[in-house]
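One letter stands for each residue in the lines below.
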Amino acid sequence: MSDSDVLTQPLTLLSRLLRRGSFKDIFISPSLSPESKLAEIIRSPQGQRVLREKLELLQGFTTNHPDNAEGHAVLGSTAILIHGKGSLAVSSLKEAINLCPDEGEWRMLLARAQRKHQVEERQKLAQLELKLMEEETGRLPETMKNPKQVTRVEGSALSNVDFLRLYANTRTPVIVTGMVEKMTEQKWTLDFIERETEGKTVELRVPTKGSVNWAQLENGKSQNVAQFVRDVRRGRTRSYLFDWSLPLFAPELSRQLTLPRYVEGDLLKQSPEGTKYKNTWPSLFVAPRGIVSGLHVDTFSSNFWMALFQGRKKWTFFTKEDVPLLYPHYWFSVDPSFEVDLRFPNFTEHPLLRLSQPIECTLEEGELLFVPHGCPHQVENLSPSVAVSGNYIDSSNYTAALQELKIQGYTDPEAEKLQKWLRTTQAKKATTTTTT
């Protein structure tokens, strides 16, 4: 193999082999996105074997060419994809950056490698904990720990100061009642959305097993929003109108909304015009019964709120500390994709799931939910639903969001621009201002 072949990025190599038909024994659904198809290869024993062979060649190459920064970087990016190689991925990418400090892509890879390594170290401790548990009791738990329930609080009894102190600062989910009806003059039902969105088009999302896309939702077809709502009402669709930006695509609807007072300090809304995420939220969700958005963590350590206008949604959360027990991968992003399916958990394949502590609630019509930054969550629509949501930054997640946006900024100039604004005196001052 020539030097140029050795230095081929691992995902490029797997894509090339997939096109050549080298993975015919692996079933890959044609409905999956290119990244999700590659994930199926990476998960497979055959894919891991190809990657380990490449890793061995790269280790020889970097031994013979210790000053070749690209060699160390490709070695690190390959190790990210191999089970148990987080430490090697970190050390290789650090060496590449030491040789060539200005490569933002390599710094992004290093952030992914560091998260992989941290997860693997925590998983080792968890495996030991399970082993000791089995030795002491003679058996392992049959399932996860009994779920905790999310607290419900009446909005009139929860001040902004107490919301921040009791829930946002402690990263604790909470349901607030008695507030959603104050957000709009008319109730946002399926009928209302159908009437108000006639003529607008949306690219739908489709829940897909094996997907590594956001919330395990693959891109679906584009459809007239009003027609999609009619299909939801009649039970004729398995697609999801997911996180559809109202300021960008339906500004007249966005103007009808009064946001929850607990997010009045959102720094994204206070940022200069044209800044990333300033006009992304609030966003609309419309789903038929039974649709599930898979386990995921909201990006850039943002807090999240959802107001449910119609329907019922079952939410399952985990704390940030439980992430390693949910078998995350960082193959394509610093945001994890998860192996586990909470509806059909496999404790043989994922034994560490037994140690996790789920937190559950059923969000009812007219309720507002707060989801803290960093919490993995999965959502099942128990009935046809209409909801509005937003991601935001305030004093409770300011430091964490700065760090995440710094990492995004290695490859995204707009994220870097937002991160720099958040570090200004104006933004810092806003985080110290608390309304009551």
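The rules behind these values
Residues numbered from 1 in each chain as written. Predicted model: local features only at pLDDT ≥ 70, side-chain atom pairs only at ≥ 80, totals over all residues. Heavy atoms only, no water. Helix = DSSP H or I, 4+ residues; strand = E, 2+ residues; numbered from the N terminus. Rg over C-alpha atoms; globule rule 2.2 N^0.38 Å. Buried < 20%, exposed > 50% of the residue type's maximum accessible area, 1.4 Å probe, protein only. Contact = heavy atoms within 4.5 Å. Areas by Shrake-Rupley, 256 points an atom, 1.4 Å probe, with all protein chains shown as cover. Lys, Arg positive; Asp, Glu negative; His and termini not counted. Charge placed at Lys NZ, Arg CZ, Asp CG, Glu CD. Axes fitted to C-alpha atoms, helices over the stretch in contact; angles between N-to-C directions. Left-handed = near helix turned anticlockwise from the far one by under 90°. Nonpolar A, V, L, I, M, F, W, Y, C, P; charged D, E, K, R; others polar. Pairing = 2+ DSSP bridges. Core = buried A, V, L, I, M, F, W, Y, C linked by side-chain atoms within 4.5 Å. Arc of directions from axis to C-beta. Expected span 1.5 Å × (residues − 1). Phe/Tyr/Trp six-rings, centres within 6.5 Å; stacked < 30°, edge-to-face > 60°.

**Q** Any chance you could explain the overall build of the protein chain here in plain terms?
**A** Looking only at helices and strands, the protein chain features 16 helices and 16 strands. For 436 residues, the compact-globule estimate of 2.2 N^0.38 gives 22 Å, and the C-alpha radius of gyration of the protein chain, at 23 Å, lies within 12% of that figure. Dimensions of the protein chain, computed from C-alpha atoms along their principal axes, come out at roughly 70 × 55 × 50 Å. Within the protein chain, buried positions represent 54% of all 436 residues. Relative to all contacts within the protein chain whose residues are 6 or more apart in sequence, the contacts with residues 24 or more apart total 76%. Just so you have it, the protein chain exposes about 20100 Å², and 48% of that area is on carbon and sulfur atoms. Taking the average location of the 54 positive side-chain charges in the protein chain and that of its 53 negative ones, the two points are 2 Å from each other.

**Q** Please clarify how the packing of helix H5 (residues 69–79) against helix H7 (residues 104–137) should be interpreted in this entry.
**A** Helix packing for two helices is described by the angle between their axes and how far apart those axes are. Relative orientation of the contacting elements H5 and H7 amounts to 35 degrees, with a least axis distance of 10 Å. Here the hand of the crossing between H5 and H7 comes out left-handed. Each of Ala69, Glu70, Ala73, Ser77 and Ala79 in H5 lies in contact with H7, whose residues at this interface are Trp106, Leu109 and Lys116. Taken together, the residues that form the contact of H5 with H7 break down as five nonpolar, one polar and two charged.

**Q** What is the right way to read the sheet that holds strand E2 (residues 151–154) from this model?
**A** Strands pair in a sheet through their backbones, by hydrogen bonds, and they do so in one of two ways: parallel or antiparallel. Within the open sheet, the seven strands sit side by side as E2-E3-E14-E9-E16-E7-E6. Their pairing is mixed. Both outer strands of the open sheet, E2 and strand E6 (241–245), are each paired with one neighbouring strand and no more. Direction aside, neighbouring strands of the sheet carry axes that sit 25 degrees apart on average. Both E6 and strand E7 (residues 283–287) contribute to a ladder of three bridges, which runs antiparallel. By the bridge assignment for E7, Ser245 is matched with Ser283.

**Q** Would you mind going over the sheet that holds strand E13 (residues 359–363) with me for this structure?
**A** Reading across the sheet, the five strands line up as E1-E13-E10-E15-E8 and stay open at both edges, with mixed pairing between neighbours. Each of the sheet's edge strands pairs with one partner strand only, and the pair in question is strand E1 (148–149) and strand E8 (292–296). Across five bridges, strand E10 (residues 313–317) lies against E13 in antiparallel orientation. Bridging from a neighbouring strand, Lys313 pairs with Leu363 of E13.

**Q** It is not clear to me how the nonpolar core should be interpreted in this structure. Could you clarify?
**A** Nonpolar side chains tend toward joint burial in soluble globular proteins. The biggest cluster of nonpolar side chains holds 39 residues, and the ones touching the most others in it are Phe163, Trp188, Leu241, Leu284, Val286 and Phe309. If we ignore the near neighbours within four places in the chain, the residues touching Phe309 are Val180, Met183, Thr184, Lys187, Trp188, Leu257, Glu365, Val386, Ala387 and Val388. Leu32, Leu38, Leu81 and Ala96 belong to the second-largest nonpolar core, a separate cluster that totals 38 residues.

**Q** Whenever I open this one, unusual backbone geometry confuses me. Can you help?
**A** Phi is mostly negative for residues that are not glycine, and the peptide bonds are mostly trans. The residue after Trp281, namely Pro282, is reached through a cis peptide bond having omega 10 degrees. Locating Pro282 in the fold gives a position in the loop between helix H13 (267–270) and E7. Positioned with a positive phi, Phe300 is a non-glycine residue whose angle comes to about 45 degrees. Among the structural elements, Phe300 can be located in the loop between E8 and strand E9 (303–310).

**Q** What am I meant to see in the environment of Pro147 here?
**A** Looking at the secondary structure, you find Pro147 in the loop between H7 and E1. Discounting chain neighbours no more than four positions away, the residues touching Pro147 are Gln357, Pro358 and Glu360.

**Q** Would you take a moment to explain helix H8 (residues 160–168) for this structure?
**A** Two residues of an α-helix separated by three or four positions point the same way, owing to the 3.6 residues in each turn. Every buried residue belonging to H8 is among Asn160, Phe163, Leu164, Tyr167 and Ala168, and all of these are buried. In an axial view of H8, the angular spread of the buried residues amounts to 110 degrees, which keeps them on one side of the axis. Against the buried residues of H8 lie E2, strand E3 (174–177), strand E14 (367–371) and strand E16 (385–392).

**Q** Can you help me understand helix H4 (residues 45–64) in this one?
**A** Helix length check: H4, at 20 residues, gives a terminal C-alpha distance of 29 Å against a target of 28 Å (1.5 Å per residue), a fit within 8%. Listed as buried for H4 are Gly47, Gln48, Val50, Leu51, Lys54, Leu55, Leu58, Phe61 and Thr62. An end-on view of H4 places all buried positions within 150 degrees of arc, on one side of the element. For H4, the exposed residues set more than 90 degrees away from the buried face come down to Pro45, Glu56, Thr63 and Asn64.

**Q** Whenever I open this one, the environment of His373 confuses me. Can you help?
**A** Note that His373 resides in the loop between E14 and strand E15 (377–381). For His373, a relative accessible area of 6% translates into the label buried. Considered as a pair, His373 and Val119 are 254 residues apart in the sequence and their alpha carbons are 18 Å apart. Ignoring any residue separated from it by four or fewer positions in sequence, one finds His373 in contact with Arg171, Ser301, Ser302, Asn303, Ser396, Asn397 and Ala400.

**Q** Could you clarify how one ought to interpret the packing of aromatic side chains in this entry?
**A** Think of a pair of aromatic rings as described by two things: how far the centres are apart, and how the planes are tilted against each other in angle. Taken as a whole, this structure holds 13 aromatic pairs when the rule is applied. Aromatic pair Phe242 and Phe285: ring centres 5.0 Å apart, planes at 80 degrees, arrangement edge-to-face. Here Phe285 lies in strand E7 and Phe242 lies in strand E6, a separation of 43 residues in the sequence. Of the two residues, Phe242 and Phe285, both sit in the buried class. Here the aromatic rings of Trp315 and Phe317 are separated by 5.6 Å at their centres, their planes lie at 20 degrees, and the arrangement is stacked.

Honestly, that's just the spatial picture; any functional story needs more than this.
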